[in-house]
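Commentary on secondary and tertiary structure
These are the residues of each chain, in order.
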Amino acid sequence: MTDTAAVPAVPSATEATAPTDPTASDLELAGPSVPMTSAALDIYRGLFQSMTEFDGASVSDGQVPLQVIKNLQKRVAQFHLSYKFAIDELTTKIEILQEEFENTHDYSPIEHVRTRLKTMDSIIEKVQRTGTPPDVDSVRARIRDIAGVRITCAFVADAYWVAEMLTRQTDIDVLEVKDYIAHPKSNGYQSLHLIVTVPVFLSDHTELVPVEIQLRTIAMDFWASLEHKIYYKYDRDVPSELVAELTAAADAAHALDAKMARLRDQIRGLG
């Protein structure tokens, strides 16, 4: 007898939900839920088939061979592990820089570090939103922010400085740069975004895994966090007067960064 397992009931399009990515930053907490469409369910099925090589054509009673379920669990774990290991590799590099500065310099340009690994639900949502084919190879090639690291710095110059220190390391390759500090988004969002590849050395091979790095100041991070909370509370339908206030707050955060940089330069001049 072949071991089988019941396929979990698939929620209807009105019952199931999938998180959306926030507008301000893919590293913020998950945004408000939206109804899962039939297209999203098709993506789940496509990834299931891609990860298990089981097309389900022989299933008539809702039962899937247990080995297929075990294979799916293993493939999902393997899929996520390479991104987790890439985060581990990158955070080790950042921690080395941070410890070096704390022990050999007057101050460290790195204030805080946060990491994020997208859940499968969030990946599915982005697959649907970007029109990525629902197979593992396409997801790996086209969705490059599954692993994310955010570095918060005190000053704007420090964000660029840390980015330079990381990207000149010989085993990190830069795939893409989006400078929302020099060119803020229309809502006022500012941050320096890098997509880099990090080598992950596994037991039998090496993988080059993409990671998104976000670098921003404390003021930028505070603004982005508040913006995310507001958009979450209003389910993304934010009143126009609040949008205007958020834009004004972004301008204030930019002015604060500039003022703090001038004060730092004055203090250095006194030394």
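Residues numbered from 1 in each chain as written. Predicted model: local features only at pLDDT ≥ 70, side-chain atom pairs only at ≥ 80, totals over all residues. Heavy atoms only, no water.

Along the backbone of the protein chain there are seven helices and nine strands. Counting the 271 residues in the protein chain, one finds 41% classified as buried. Taking as baseline every contact in the protein chain between residues at least 6 positions apart, the subset at least 24 positions apart corresponds to 67%. (Helix = DSSP H or I, 4+ residues; strand = E, 2+ residues; numbered from the N terminus. Buried < 20%, exposed > 50% of the residue type's maximum accessible area, 1.4 Å probe, protein only. Contact = heavy atoms within 4.5 Å.)

What follows covers the sheet that holds strand 7 (residues 173–179). The strand order across the open sheet built from five strands is 5-6-9-8-7, with neighbouring strands paired in mixed fashion. With partners counted over all chains shown, the strands left at the sheet margins are strand 5 (110–117) and strand 7, one partner each. Within this sheet the neighbouring strands show an average axis-to-axis angle of 25°, counted without direction. In this structure, strand 8 (residues 192–201) lies alongside strand 9 (residues 206–217), joined through ten bridges in antiparallel fashion. Within strand 9, the position partnered with V200 by the bridge is E207. The sheet strands contacting helix 6 (residues 218–233) are strand 5, strand 6 (147–153) and strand 9, and the helix crosses strand 9 at an angle near 95°. (Pairing = 2+ DSSP bridges. Axes fitted to C-alpha atoms, helices over the stretch in contact; angles between N-to-C directions.)

Before going further, it helps to spend a moment on the nonpolar core. Judged by nonpolar contacts, the single largest core of 39 residues is most densely connected at I151 and L215. Contributing elements (two or more residues each) for this core: helix 2 (66–104), helix 3 (120–130), helix 4 (136–142), strand 6, helix 5 (156–167), strand 8 and strand 9. Sequence-distant contacts of I151, that is, excluding residues within four places in its chain, are made with I94, I110, H112, V162, L166, I213, Q214, L215 and R216. (Core = buried A, V, L, I, M, F, W, Y, C linked by side-chain atoms within 4.5 Å.)

Right, let's get into a nonpolar patch on the surface. Side chains of L256, M260 and L263 sit close together on the surface and give an oily, nonpolar patch of about 250 Å² of accessible area. Examined against the element boundaries, L263 turns out to sit in helix 7 (residues 240–270). Relative accessible area serves as the criterion here: at 37%, L263 is assigned to the partly exposed category. (Patch = residues over 30% accessible without salt bridge, like charges linked within 9 Å, V, L, I, M, F, W, Y side chains within 5 Å. Areas by Shrake-Rupley, 256 points an atom, 1.4 Å probe, with all protein chains shown as cover. Salt bridge = Lys/Arg side-chain N within 4 Å of Asp/Glu carboxyl O.)

This part covers the environment of L215. With respect to the helices and strands, the residue L215 is situated in strand 9. Taking the relative accessible area as the measure of exposure, L215 reaches 0% and is therefore buried. For the pair L215 and T152, spaced 63 residues apart in the sequence, the C-alpha separation amounts to 5.9 Å. The residues contacting L215, other than those within four sequence positions of it, are I151, A159, V162, A163, I181, S191, L192 and L194.

Before going further, it helps to spend a moment on the packing of helix 6 against helix 7. Their axes nearest at 9 Å, the elements helix 6 and helix 7 cross at an angle of 170°. Put simply, helix 6 runs roughly antiparallel to helix 7. In contact with A219, M220, W223, E227, I230 and Y231 of helix 6, helix 7 contributes L242, V243, L246, A249, A250, A253, L256 and D257. (Parallel < 35°, antiparallel > 145°, perpendicular 65-115°, else oblique.)

A word on the packing of aromatic side chains. Tallied over the full model, the rule gives three aromatic pairs. Aromatic side chains F79 and Y83 sit 5.4 Å apart centroid to centroid with 55° between the ring planes, which places their arrangement in the tilted category. With F79 and Y83 both in helix 2 and four residues apart, this pair spans about one turn of that helix. Look at F79 and you get buried, because its relative accessible area is 3%. One cation-aromatic arrangement involves R264 over F155; the distance from NZ or CZ to the ring centre is 4.2 Å. (Phe/Tyr/Trp six-rings, centres within 6.5 Å; stacked < 30°, edge-to-face > 60°. Lys NZ or Arg CZ within 6 Å of the ring centre and 35° of its normal.)

On to the environment of N103. Mapped onto the secondary structure, N103 falls in helix 2. Within polar-contact distance, the side chain of N103 engages the backbone oxygen of E99 at 2.7 Å. (Polar contact = N/O pair within 3.5 Å; in protein donor to acceptor, adjacent residues only side chain to side chain.)

Take the confidence of the model for the protein chain next. Taken residue by residue, the protein chain gives an average pLDDT of 81. The fraction at 70 or more is 73%. Note on residues 1–26: pLDDT is under 50 here. Beyond four places in sequence and across chains, it has 70 contacts. Low pLDDT, under 50, characterises residues 28–34; the predicted model gives this stretch 26 contacts beyond four residues in sequence or across chains. (pLDDT = per-residue confidence, 0-100.)

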